[in-house]
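Each chain, letter by letter, is given below.
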Amino acid sequence: MTTVSIREYVVAGPDDGPYALTTGPDGALWFTLVHSGRIGRLVPGEEPVSHPVDPAGQPTIIVAGPDGALWFTETAADRIGRITTDGVVTGFPLPNAGSGPFGLATGPDGALWFTESTADRIGRIGTDGRVDEFPLPTTGGYPSVIVAGPDEALWFTLNQANAIGRIDPAGAVGLHPLPTAGAAPVGITAGPDGALWFVEIAAGQVGRITPDGVITEFPLPDRAARPHAITAGPDGALWFTEWGGNRVGSVAPDGIIEVHDLPRPRCEPHGITAGPDGALWTALEVGVLARVAAGHGRVDRTG
């Protein structure tokens, strides 16, 4: 079994809620503080900094945009945000209240695509701030995380419709129901094998879907682990967080799963991403970013 080394960086208070993170164009880690309405930045070895957005806006998912800035969703404010690497913030309100923007991804067309979790829509915003919206053929489906696929389309999870969706740049939508009832998919990412990989938070499984819609599911050792987010790792595996299991795990393209305990109890791991340093980084809602790398089982804490 692979051993890992874990180093923790305290970046906020225990109630601020680091939720999602990404590698920025400046080589730093950028993350959302969902409970305090801030965007944070960390260069390992330096002090973390954060920038205020909206205390009640709930910044959620953050990604590197096509324009050298970071873009993020503000779920409670019905807004898409943009922050430059020197901390200048711009907000773009959505046309309709109650949209609940959540997932966000840079699309193949150079725009940002997002899910409207409480409005059954997929949105598109250009770097000029223009917004287009596309209705989904569901009611109460709760579209969640979205990612660019290998086929010039966007793929997304429908948490309450128990399906994986696909939308092309023209707005055509297709849905693929999951084999397991009530699986409640959340995170999704593009894998190194030309497929999309996702996690089923209610079923305790990792799923794989090919661009032509063939679905395979892999049960986790702990079916109550509540896997939340997933990303492609530098080692060719897919890495995921177990929000209810206090672990991170990996699944190889052949379906072999390994899991690793996080040292801090009840740390609520959420987002996970490949960092600029060749390691995996995960956001722990207790105010910590954790670096996870192949190693010898060492645990370090800083801050």
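The structure this text deals with has already been given above.
Attention in this report is confined to the structure presented alongside it.

Definitions and cut-offs
Residues numbered from 1 in each chain as written. Predicted model: local features only at pLDDT ≥ 70, side-chain atom pairs only at ≥ 80, totals over all residues. Heavy atoms only, no water. Helix = DSSP H or I, 4+ residues; strand = E, 2+ residues; numbered from the N terminus. Rg over C-alpha atoms; globule rule 2.2 N^0.38 Å. Buried < 20%, exposed > 50% of the residue type's maximum accessible area, 1.4 Å probe, protein only. Areas by Shrake-Rupley, 256 points an atom, 1.4 Å probe, with all protein chains shown as cover. Lys, Arg positive; Asp, Glu negative; His and termini not counted. Charge placed at Lys NZ, Arg CZ, Asp CG, Glu CD. Phe/Tyr/Trp six-rings, centres within 6.5 Å; stacked < 30°, edge-to-face > 60°.

**Section: the overall build of the protein**
Then, number 1: What the protein contains, in helices and strands, is zero helices and 29 strands.
Then, number 2: Taking 2.2 N^0.38 as the reference for a compact globule, 303 residues should give roughly 19 Å; the C-alpha atoms of the protein span a radius of gyration of 18 Å, in line with that estimate.
Then, number 3: If one aligns the C-alpha atoms of the protein with their principal axes, the spans along those axes are about 50 × 45 × 30 Å.
Then, number 4: Here the protein holds 303 residues, and the buried ones make up 55% of them.
Then, number 5: Surface summary for the protein: the accessible area is close to 11300 Å², and the carbon and sulfur share equals 50%.
Then, number 6: With 18 positive and 34 negative side-chain charges, the protein shows a separation of 4 Å between the mean positions of the two kinds.

**Points about the packing of aromatic side chains**
Describing an aromatic ring pair means giving the distance of the ring centres and the angle of the ring planes.
Then, number 1: Using the criterion set out here, one finds five aromatic pairs in the structure.
Then, number 2: Seen from their ring centres, Tyr 19 and Phe 102 are 6.3 Å apart, and the 80 degrees between their planes marks the pair as edge-to-face. You can see Tyr 19 sitting in strand β2 (residues 18-23) and its partner Phe 102 sitting in strand β10 (residues 101-106), a full 83 residues away along the chain.
Then, number 3: Classification of Phe 102 by relative accessible area gives buried; the value is 10%.
Then, number 4: Considering the side-chain rings of Trp 71 and Phe 92, the 5.5 Å spacing of their centres and the 10 degrees angle between planes classify their relative orientation as stacked. Of the two residues, Trp 71 sits in strand β7 (residues 70-74) while Phe 92 sits in strand β9 (residues 89-93), which places them 21 residues apart along the sequence. Comparing Trp 71 with Phe 92, the two get one shared label, buried.

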